Amino acid sequence: MDSASRLIIDRTQRVLDERIRPAISALRVPLELASAELPGEPIAAADALGLEYLPYRVGTAWGAAWSTVWFRATGLVPDEWHGLRVEAVIDLGFDSTLPGFQCEGLAYDPHGTPIKAVNPRNQWIPISDEACCGDQIEFFVEAAANPDLLDHLPLLPTWQGDVLTASPDPLYAVRRADLVVFDVQCHELALDVEVLLELQAELDDGPRRAGILLALDRAMDAIDVHRVGETAASARDELRAVLASPASSSEHIFSAVGHAHIDSAWLWPVRETVRKVARTTSSMTRLLEENPEFVYGMSSAQQYEWLRDHRPEVYDRVVDAVRGGRFVPLGGMWVESDAVMPSGESIVRQFLYGQSFFRREFGVTCRGVWLPDSFGYSGALPQLIRKAGFEWFLSQKLSWNQVNTFPHHTFFWEGIDGSRIFSHFPPIDTYNARLSASELAGARRRFAQSARASGSIAAVGYGDGGGGTTREMIGRARRLADLEGSPRVMWEQPDDFFERARAELPDAPVWVGELVLEAHRGTLTSQHHTKQGNRRGERLIVEAELWATTAAVRGVLDYPYDELDALWKTLLLHQFHDILPGSSIAWVHREAVETYSRLIGAAEAISRRSLLALVGDGEAEFTANGSSLDRGGASAFSVTPATATDALRPVVHEHCDGVQIDNGVIRVVISPDGLITSAVDISTGREIIPKGRPAGLLQLHQDFPNTRDAWDLDEHYRHHVENLAQADSFAVESDNDGVHVTVERRFSRSWVRQRITVAPNTRTFRIEQTTDWHEHERLLKVAFPLSLHAEYSVAETQFGCVRRPTHTNTSWQTAQFEHSMHRFVHVAEPGFGVGLLGDSTYGYDVIRDADPEHGVTTTVRLSLLRSPRFPDPMADQGGHTHVYAFAIGTDLLGTTAAATELDVPVRSVRGGSAVTPIVTVDEPDVIVSAVKLASDRSGDLIVRVYEPIGRRASARITVPSEYGPGQAVSLLEEHTDAPVGASPGPDGTVRLAPFEVLTLRYPVHRRPGPEHRFGKGTRS
Ligand SMILES: [Zn+2]
């Protein structure tokens, strides 16, 4: 850059920073403040207004971590401000280098009605557009002392993440509380100058850049730096021509939508998100009123429901703005959930509860799935997105990839079943855009579809307590609408963008399979209790629905709609993309574990109550089978008399090499150290354990990622490993359940017990592990080296499986050194395979080795426990249980069945009579994932089935005669134009394509009468 240009730029920057910006609110008088500190949790505004307020002096410290202080501000408009635009400016002690993640405030009028939030970069409160002299001013600010947990990069451990361990010292001091005159000319001048100064930095040397610099130089000449307010208009005159020069007709178009990515819990507890949403929406509805071109989008039905229930006055403003079409409900989900770990049913319910809320409250059906921040996206999603009726999908997170650059920005995403969803990955690489010239120019440069597509989406605004879009961003957008040298910006609903993009790219490139995030691999394992709670909760609510449906249809109990809705909503909230992944503060996970415990109890109670009502009075023992498999003499979904098992106990031989257990199907040798040194499929004689490389081996790794402890598992963790191969005790026992070998191991500061059980008549043996875990920054895995030349590992995902190469030929495969799984991972050679099952974990890795002695071997390792220290310094400390299992000589379908057996234990119930299944499916390769009554409370029966392994399947489905023929419906349980699949044939037979999910709705013939207890209740 030449020196003359440099001088102009430096001059302009200094005048902007030191004179123009301060001049925006230069006329000021201090407000009188008084404060009242709450002793504990937040209270309603109506109660807060009546607190005892004590005088507060600006500069005094306030707010221990997580506390709330109410400030009362009073003042008088000076005579000379008559007719001027007057605002208040409140700086609670913000660190404006961060837009959010710290203290925040919500201003209320003297009646307790929210006005607008104050945030680090949005500190103003409207007072009057035309003030009258002598106006008495009074308002309140509810100030939340949320600690800043990000200020010690690289995110060091802190005790501030839980109210139970946080420091009692005040964290903030109010810096400023003034009444000011808002100088519109100076505000506009600042934006003119900022936009041009940033734009010229992105331009090559040439006439446009030179013209901008010349205009800036002249504008600075026009300013009297001692009388900025009086000279701002003439400075603006000097910039008018360069700002009016239009963009080229081929410029990239940013479809901007106002946004605030508000994590439903993260570095704050759930209760604080309730307030964050209220603050942000109170500001955004005001911004919408004042700027007719502005469009704002907010996701997560849960966040709207919080607002409705906690800040109804703000909610009313949102409802009006939604009806006006400019406050746009986004995403059609209950929360922006994790998109890898939730079960298929959970993803369906995210859509069902999300869309139902938006329809009921606003008459709006979201057309796209908005998941900018979730940590990767399973290959099952395209089908589920389409079958829920959505037309598009958006992610931003792939810009976080550590290794590979995702090749497309606008593309079709094809899932495991072949469904394709039109998708967009905005090249701006942030969901907190501020519309800076560098953001826009960078996105234009990166945009992979620029040859044929006109633009991309920009989500504009500060999230997570930053307060959303600012009036400065709106001012920028106005200038950038049509400005030479810059991409264009227009506020627009994402639906309109997607319609245009789809027309421009009817044959957009196709990405097949999962959208893996090459980062945050540790989130598959961090906070094991939270993950276990999710897995159990998912299973138990689905089972509760089954037995409750059976009881309602058989006329013995009302269907507990409200209870089930409440359970689902709680579960769905906790699948939020920082709760289930284990990346929240201690407070969030402490509460989550308590919540899961209540949820599990409530779901169990529904099953128990339904089963007792179904079997009636009596003392006979019954077995209730809530799974879709026939087992233990009980057919799927039935309650049958318990039968004594006549299976032969496995044969045990103890010798110096350990103990050999033979159940007639498999023969296993366990060494005196509790390691599996041999596992043979008896029918084929096939040995699966490589010589000298025992299975069931616990491995302890150092796990100290470069940053983001709870999120990231860095590849270098593999450089450090300790094998826990020594046992401190070893015992063998036998009972009706089989032969059990129990070993105990002490290591470091921890202790673990593994109880290996070989049951009769099964090719699966299970290991129950209890761990007293007191490690920090370590990862515990259990390894199963296998004599298998496996080309792929196949892991269960939502309603199916995903296949991943075991080799690392390309950088894409190398980057996947940790994979996700649901209940199992399967590895095989043609004709022989092994399944590894887990009851509560989601991460695994595969290591492929080859040597002359063993040939190619495949080692599968389940990730059991981590112990990151940020943001929860005590993550995962204490007692844990895991159950995992090893199925020898099984194919994928067999492994799916084994996983179901592990996942859904049969129940014992005492009563009078057996219960026939409400639904039967005559083939085992069509799996029932849900049996429930329709969410519209019509009494119709909903049965959802899927094909689990990727081949074609058919089965005949039978339901009670009270129901008419089943019809294929959407995941939202309705008839639709969406591609929902084929209805059953006349005899009830369904035909499923590979991995197809089919939702069937069976209309009830008779309206609910005394014998049909479909219940009523009111929906919330
Ligand atoms: Zn997020």
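Please read all numbers here as calculations on a predicted model, not as lab measurements. (Residues numbered from 1 in each chain as written. Predicted model: local features only at pLDDT ≥ 70, side-chain atom pairs only at ≥ 80, totals over all residues. Heavy atoms only, no water.)

Draft legend 1. Representation of the overall build of the protein chain. What the protein chain contains, in helices and strands, is 18 helices and 52 strands. Here the C-alpha atoms of the protein chain give a radius of gyration of 31 Å, agreeing with the 31 Å that 2.2 N^0.38 yields for 1020 residues. When its C-alpha atoms are laid out on the principal axes, the protein chain stretches across 100 × 75 × 60 Å. Per-residue burial for the protein chain yields a buried fraction of 62% across its 1020 residues. Within the protein chain, contacts between residues separated by at least 24 positions form 75% of all contacts whose residues are at least 6 apart in sequence. Here the protein chain has roughly 36,500 Å² of accessible surface; of this, 50% comes from carbon and sulfur atoms. Side-chain charges in the protein chain split into 99 positive and 137 negative, and the spacing between the mean points of these groups amounts to 2 Å. (Helix = DSSP H or I, 4+ residues; strand = E, 2+ residues; numbered from the N terminus. Rg over C-alpha atoms; globule rule 2.2 N^0.38 Å. Buried < 20%, exposed > 50% of the residue type's maximum accessible area, 1.4 Å probe, protein only. Contact = heavy atoms within 4.5 Å. Areas by Shrake-Rupley, 256 points an atom, 1.4 Å probe, with all protein chains shown as cover. Lys, Arg positive; Asp, Glu negative; His and termini not counted. Charge placed at Lys NZ, Arg CZ, Asp CG, Glu CD.)

Draft legend 2. Region of interest: the confidence of the model for the protein chain. Mean pLDDT for the protein chain: 96, with 98% of residues reaching 70 or above. Below a pLDDT of 50 lies the segment residues 1016-1020, which in the model reaches 13 contacts outside its immediate sequence neighbourhood of four places, other chains included. (pLDDT = per-residue confidence, 0-100.)

Draft legend 3. Structural view of the coordination of the zinc ion. Around the zinc ion, the protein contributes the donor atoms His261 (NE2), Asp263 (OD), Asp373 (OD) and His577 (NE2), at 1.9 to 2.1 Å from the metal centre. Considering all 4 donor atoms around the zinc ion, angles at the metal cover 90 to 155° and the coordination shape is irregular. When its relative accessible area of 2% is taken as the criterion, His261 is described as buried. Among the residues examined, Asp263 registers a relative accessible area of 2% and is labelled buried. (Donors = N, O, S within 2.8 Å, 3.2 Å for Na, K, Ca; no water. Tetrahedral: all angles 85-135°; square planar, octahedral: opposite > 155°, others 65-115°.)

Draft legend 4. Unusual backbone geometry, seen in detail. Here the amide bond leading from Phe870 into Pro871 is cis, since omega sits at 5°, within 30 degrees of zero. Looking at the secondary structure, you find Pro871 in the loop between strand E43 (855-865) and strand E44 (878-888). For Ser300, which is not glycine, the phi dihedral falls at a positive 70°. With respect to the secondary-structure elements, Ser300 resides in the loop between strand E14 (296-299) and helix H7 (301-310). Residue Ser300 is classed as buried on the basis of its relative accessible area of 3%. Within the chain, Ser748 stands out as a residue other than glycine whose phi angle is a positive 45°. Secondary-structure assignment places Ser748 in the loop between strand E33 (738-747) and strand E34 (750-758). According to the relative accessible area criterion, Ser748 is exposed, its value standing at 53%.

Draft legend 5. Representation of the sheet that holds E33 within the structure. What the 9 strands build is an open sheet, ordered E32-E33-E34-E35-E44-E41-E40-E37-E38; its pairing is antiparallel. If you trace the sheet from one side to the other, it starts and ends with strand E32 (729-735) and strand E38 (800-805), each paired once. For this sheet, the mean angle separating the axes of adjacent strands, direction not counted, is 20°. Bridge count for E34 against strand E35 (residues 764-773) is 8 bridges, and the pairing is antiparallel. Paired with Gln754 across the two strands is Gln769, which belongs to E35. In the packing of helix H14 (residues 528-553) onto the sheet, the strands contacted are strand E41 (832-838) and E44, and the crossing angle to E44 comes to about 55°. (Pairing = 2+ DSSP bridges. Axes fitted to C-alpha atoms, helices over the stretch in contact; angles between N-to-C directions.)

Draft legend 6. Local environment of the environment of Ser456. Tracing the backbone through its elements, the reader meets Ser456 in strand E20 (residues 455-460). A residue is classified by how much of its surface remains accessible, and Ser456, at 0% relative accessible area, is buried. Taking the C-alpha atoms as reference points, Ser456 and Met298, separated by 158 residues in sequence, lie 18 Å from one another. Setting aside its immediate chain neighbours within four residues, Ser456 contacts His252, Ile253, Phe254, Ser255, His424, Pro427, Phe447 and Phe497. Of note is the side chain of Ser456, whose polar atom sits 2.7 Å from the side chain of His252. (Polar contact = N/O pair within 3.5 Å; in protein donor to acceptor, adjacent residues only side chain to side chain.)

Draft legend 7. The arrangement of the side chain of Ser283 in detail. One can find Ser283 in helix H6 (residues 270-290). In contact with Ser283, other than residues within four places in its own chain, are Lys116, Ala117 and Gly467.

Draft legend 8. Here's a closer look at the packing of H14 against helix H16 (residues 586-615). Running from amino to carboxyl end, H14 crosses H16 at an angle of 20°, the nearest separation of the two axes being 8 Å. Viewed along their axes, H14 and H16 adopt a mutual orientation that is roughly parallel. Judged by the sense of rotation from one axis to the other, the crossing of H14 with H16 is left-handed. For the contact of H14 with H16, the per-class residue count stands at 15 nonpolar, 9 polar and 3 charged. (Parallel < 35°, antiparallel > 145°, perpendicular 65-115°, else oblique. Left-handed = near helix turned anticlockwise from the far one by under 90°. Nonpolar A, V, L, I, M, F, W, Y, C, P; charged D, E, K, R; others polar.)

Draft legend 9. Geometry of the nonpolar core. Core analysis: the biggest nonpolar cluster contains 216 residues, and Ile20, Phe351 and Trp413 have the highest contact counts within it. With 11 residues, H16 is the largest single contributor of residues to this core. Counting residues in hydrophobic clusters, the runner-up holds 46 residues, among them Ile676, Ile756, Val802 and Phe832. (Core = buried A, V, L, I, M, F, W, Y, C linked by side-chain atoms within 4.5 Å.)

Draft legend 10. View of the sheet that holds strand E16 (residues 368-370). Pairing within the open sheet is mixed, and its 5 strands lie in the order E16-E17-E19-E18-E22. With partners counted over all chains shown, the strands left at the sheet margins are E16 and strand E22 (510-512), one partner each. Taken over all neighbouring pairs, the strand axes of this sheet differ in orientation by 30° on average, direction set aside. Examined bridge by bridge, strand E18 (residues 410-414) and strand E19 (residues 420-424) share 5 bridges and lie antiparallel to one another.

Draft legend 11. How the structure looks around the packing of aromatic side chains. The tally for this structure, following the rule as stated, stands at 38 aromatic pairs. Ring geometry for Phe747 against Trp773: centres 6.4 Å apart, planes inclined by 55°, an arrangement best described as tilted. Placement of the pair is Phe747 in strand E33 and Trp773 in strand E35, with a sequence separation of 26 residues. The pair Phe747 / Trp773 is uniform in exposure class, with both members buried. Taking NZ or CZ as reference, Lys397 lies 3.3 Å from the ring centre of Trp400, over its face. (Phe/Tyr/Trp six-rings, centres within 6.5 Å; stacked < 30°, edge-to-face > 60°. Lys NZ or Arg CZ within 6 Å of the ring centre and 35° of its normal.)

Draft legend 12. Region of interest: the environment of Val181. Tracing the backbone through its elements, the reader meets Val181 in strand E12 (residues 176-181). The spatial distance from the C-alpha of Val181 to the C-alpha of Val86 is 4.6 Å, given a sequence separation of 95 residues. Every residue in contact with Val181, bar those within four places of it in the chain, is listed here: Ile24, Ser25, Leu27, Trp81, Leu84 and Arg85.

Draft legend 13. Quick peek at the pairing of strand E47 (residues 927-933). Burial within E47 is extensive, with 7 of its 7 residues counted as buried. With 6 bridges joining them, E47 and strand E48 (residues 941-946) adopt antiparallel strand pairing. Bridge pairing in E48 links Leu933 to Leu941.

Draft legend 14. Up close: a negative patch on the surface. The grouping of Glu289, Glu290, Glu313, Asp316 and Asp320 at the surface amounts to a negative patch. For the negative patch, the elements supplying multiple residues, two or more each, are H6 and helix H8 (312-323). Ranked by residue count, the leading element in the negative patch is H8, at 3 residues. Within the secondary structure, Asp316 is located in helix H8. On the basis of relative accessible area, Asp316 is assigned to the partly exposed category, the value being 48%. (Patch = residues over 30% accessible without salt bridge, like charges linked within 9 Å, V, L, I, M, F, W, Y side chains within 5 Å. Salt bridge = Lys/Arg side-chain N within 4 Å of Asp/Glu carboxyl O.)

Draft legend 15. Spatial organisation of the pattern of salt bridges. For the structure shown, the criterion picks out 82 salt bridges. For the salt bridge of Glu305 with Lys569, the shortest nitrogen-to-oxygen distance reads 3.1 Å. Linking Glu305 in helix H7 with Lys569 in helix H15 (residues 561-573), this pair joins segments that are 264 residues apart in sequence. We note that Glu305, like Lys569, is buried. Overlapping salt bridges bring together Glu41, Glu104, Glu142, Arg271, Glu272, Arg275, Lys276, Arg279 and Arg311 as one network.

Draft legend 16. Spotlight on the environment of Arg631. Positionally, Arg631 belongs in the loop between strand E23 (620-624) and strand E24 (639-641). Aside from chain neighbours lying at most four places away, what touches Arg631 is Asn625, Thr900, Glu901, Val904, Pro905 and Val906. Within polar-contact distance, the side chain of Arg631 engages the side chain of Ser627 at 3.4 Å. Within polar-contact distance, the side chain of Arg631 engages the backbone oxygen of Val904 at 2.4 Å.

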